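Spelled out, the chains give:
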Amino acid sequence: MLKDIKVAIAGTGFMGNSHTGALRRMEIPVVGIVGSRPEKAQEAAARLNIPKAYANYDELVADDEVDAVHITTPNDSHFEYAKKAMEAGKHVLCEKPIAMSVEESQILVDLAHKHKRVVTGVNYNVRFYPMCQEARARVQAGLVGDVFHISGTYLQDWLFHKTDYNWRVLSEKSGPLRVMSDIGTHWMDLVCHITGLKIVKVFADLKIVHEHRMRPKGEVETYSNMMLKPEDYYEIEVDTEDYGALLLHFDNGARGVMHASQVCGGKRNSSTFEIAGSKSTLTWDSHEPGYLNIGYRDKPNERMICDPALMLEGSRGMTYLPGGHAEGYPETFINVFRLFYERIDNEAFDLPPDIATFDEAHYELKLCDAIVESNREGRWVSLT
Ligand SMILES: NC(=O)c1ccc[n+]([C@@H]2O[C@H](COP(=O)([O-])OP(=O)(O)OC[C@H]3O[C@@H](n4cnc5c(N)ncnc54)[C@H](O)[C@@H]3O)[C@@H](O)[C@H]2O)c1
């Protein structure tokens, strides 16, 4: 049945490729793609063997063959693209963040509620690592107990050098925050999804490490600027943070602390959490995604390997290979897309979803606003 659904992709970069690859693995047809310019769409269509290259996004939205749109463009086009797709009756799977401001995301939330037969979802995919789903199943089964505190990190080094550049560096493209919005929201979404808790108060401290960066003269996609020479750049002022730290209060009274960075040498893409509860403590690192560590006060700790035979009922279906066969990042996309398309396939529009909703993505934008305010004013900010 999933093969009857036809998908178009907006965006031809890192995520455009990743979404297309995951859809192909699921045998869901990708019928068209649009890029920043018609030539980029044509290049991507030829490279990825996609039948149609649209000249612009309006052409994509007008294509009656398309049932669902995956939005994988830079952040500044998400609002317009998601709105147009929903208004055209197409299902929308949007990359995070869904918009550049809370005002915009509120409009998308209202539209998503209005168009009840349009399925919407947001690719907060980190929650769908198999062992993160196992952590969630353990919380739900009461194996962690009351959550006391949550700590963790999201650390990367791909913007370590002053010559490292991406559109995310510019607030007009990515929004007022970079690190906290780009990867910090993944972490906040992850720990809230696992524990079922909400963040109600934040205290933020942000830092721009490279106040100036060297911008390449041409367009560069994510992770693709490593081969440039000095004469290929010009200097720009940076207005988004390279590092940020948060103190958090959760709605059960639990406390939290996290920091995120894109200039932490040696950490390519490491998301970690430590969830300390009254019965056990769960720890995980995306650099070793196939392991969940379970700590105890009164007996030896456990290190659990990803193995469907050992996982709880709630997480077993999120892994595809027998134990010991490494799985990770690509499977997070498969899990998000599988739940999204099953919902469309079964016309199950009212089920409580496991994938992130527009409402949850709207909450992440509210958190970002609170982080900006807290950092600016040097005080705690509550979420209303
Ligand atoms: N969920 C995840 O794990 C994850 C990981 C990386 C990025 N992202 C999100 O995905 C989005 C894209 O990030 P990326 O790393 O793939 O960036 P990228 O720069 O690699 O790719 C973006 C692509 O969009 C194209 N583009 C730019 N403006 C466009 C427009 N108006 N219409 C159509 N195409 C346009 C660019 O030419 C480029 O090919 C961002 O919103 C980012 O936050 C999510």
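Residues numbered from 1 in each chain as written. Predicted model: local features only at pLDDT ≥ 70, side-chain atom pairs only at ≥ 80, totals over all residues.

Draft legend 1. Structural view of the overall build of the protein. Of the regular secondary structure elements, the protein holds eleven helices and 17 strands. A globule of 384 residues ought to have a C-alpha radius of gyration of about 21 Å, and the protein, at 21 Å, matches this closely. Summarising its shape, the C-alpha atoms of the protein cover approximately 65 × 50 × 40 Å along the three principal directions. Per-residue burial over the protein gives 46% buried out of 384 residues. The contacts in the protein between residues at least 6 apart in sequence include a share of 70% that link residues at least 24 apart. (Helix = DSSP H or I, 4+ residues; strand = E, 2+ residues; numbered from the N terminus. Rg over C-alpha atoms; globule rule 2.2 N^0.38 Å. Buried ≥ 20, exposed ≤ 12 C-beta atoms within 10 Å, placed from the backbone. Contact = placed C-beta atoms within 7 Å.)

Draft legend 2. Summary view of the domain arrangement of the protein. Split by domain assignment, the protein resolves into domain 1 (2-125 + 350-357) and domain 2 (127-323 + 363-377). Domain 1 puts 15 residues into the contact, and the matching count from domain 2 is 18 residues. For the side of domain 1 that touches domain 2, the residue count by class is eight nonpolar, five polar and two charged. (Domains from an automatic or database assignment. Nonpolar A, V, L, I, M, F, W, Y, C, P; charged D, E, K, R; others polar.)

Draft legend 3. Region of interest: the packing of helix α4 (residues 78-87) against helix α5 (residues 102-114). Interaxial distance between α4 and α5 falls to 10 Å at its minimum, and their mutual angle equals 15°. In terms of their interaxial angle, α4 and α5 are classed as roughly parallel. α4 and α5 meet at a crossing whose hand is left-handed. Within the contact between the two elements, α4 uses F79, A82, K83 and M86 and α5 uses E104, I107, L108, L111 and A112. Across the contact of α4 with α5, the residue classes break down as seven nonpolar, no polar and two charged. (Axes fitted to C-alpha atoms, helices over the stretch in contact; angles between N-to-C directions. Parallel < 35°, antiparallel > 145°, perpendicular 65-115°, else oblique. Left-handed = near helix turned anticlockwise from the far one by under 90°.)

Draft legend 4. Main features of the sheet that holds strand β3 (residues 52-53). Strand order in this open sheet of six strands is β3-β2-β1-β4-β5-β6, and the pairing throughout is parallel. Two strands close off the open sheet at either side, each with one partner strand: β3 and β6 (120-122). Sheet topology note: the strand β4 (residues 68-71)/strand β5 (residues 91-94) ladder contains four bridges and is parallel. In the strand pairing of β5, I71 is matched with C94. (Pairing = 2+ DSSP bridges.)

Draft legend 5. Broad picture of the pairing of strand β2 (residues 30-34). In terms of burial, β2 is a largely internal element, four of the five residues being buried. Bridge analysis of strand β1 (residues 7-10) against β2 gives four bridges, and the strand direction is parallel. Its bridge partner being in β2, A8 is matched across the sheet by G32. As for the winding sense of the linkage, the β-α-β connection from β1 through helix α1 (residues 14-25) to β2 is right-handed. Note that β2 and β3 share two bridges and pair parallel. Within the sheet, the bridge partner assigned to I33 lies in β3 and is A53. On the question of chirality, the crossover connecting β2 to the parallel β3 by way of helix α2 (residues 38-48) is right-handed. (Right-handed = clockwise from strand over helix to strand, strands pointing away.)

Draft legend 6. Molecular detail of unusual backbone geometry. In this structure, P97 follows K96 across a cis peptide bond, with omega equal to -15°. Along the chain, P97 turns up in the loop between β5 and α5. Positive phi values are uncommon outside glycine, yet E27 reaches one of about 60°. Structurally, E27 is set in the loop between α1 and β2. Non-glycine residue N49 carries a positive phi angle of around 60°. With respect to the helices, strands and loops of the structure, N49 is situated in the loop between α2 and β3.

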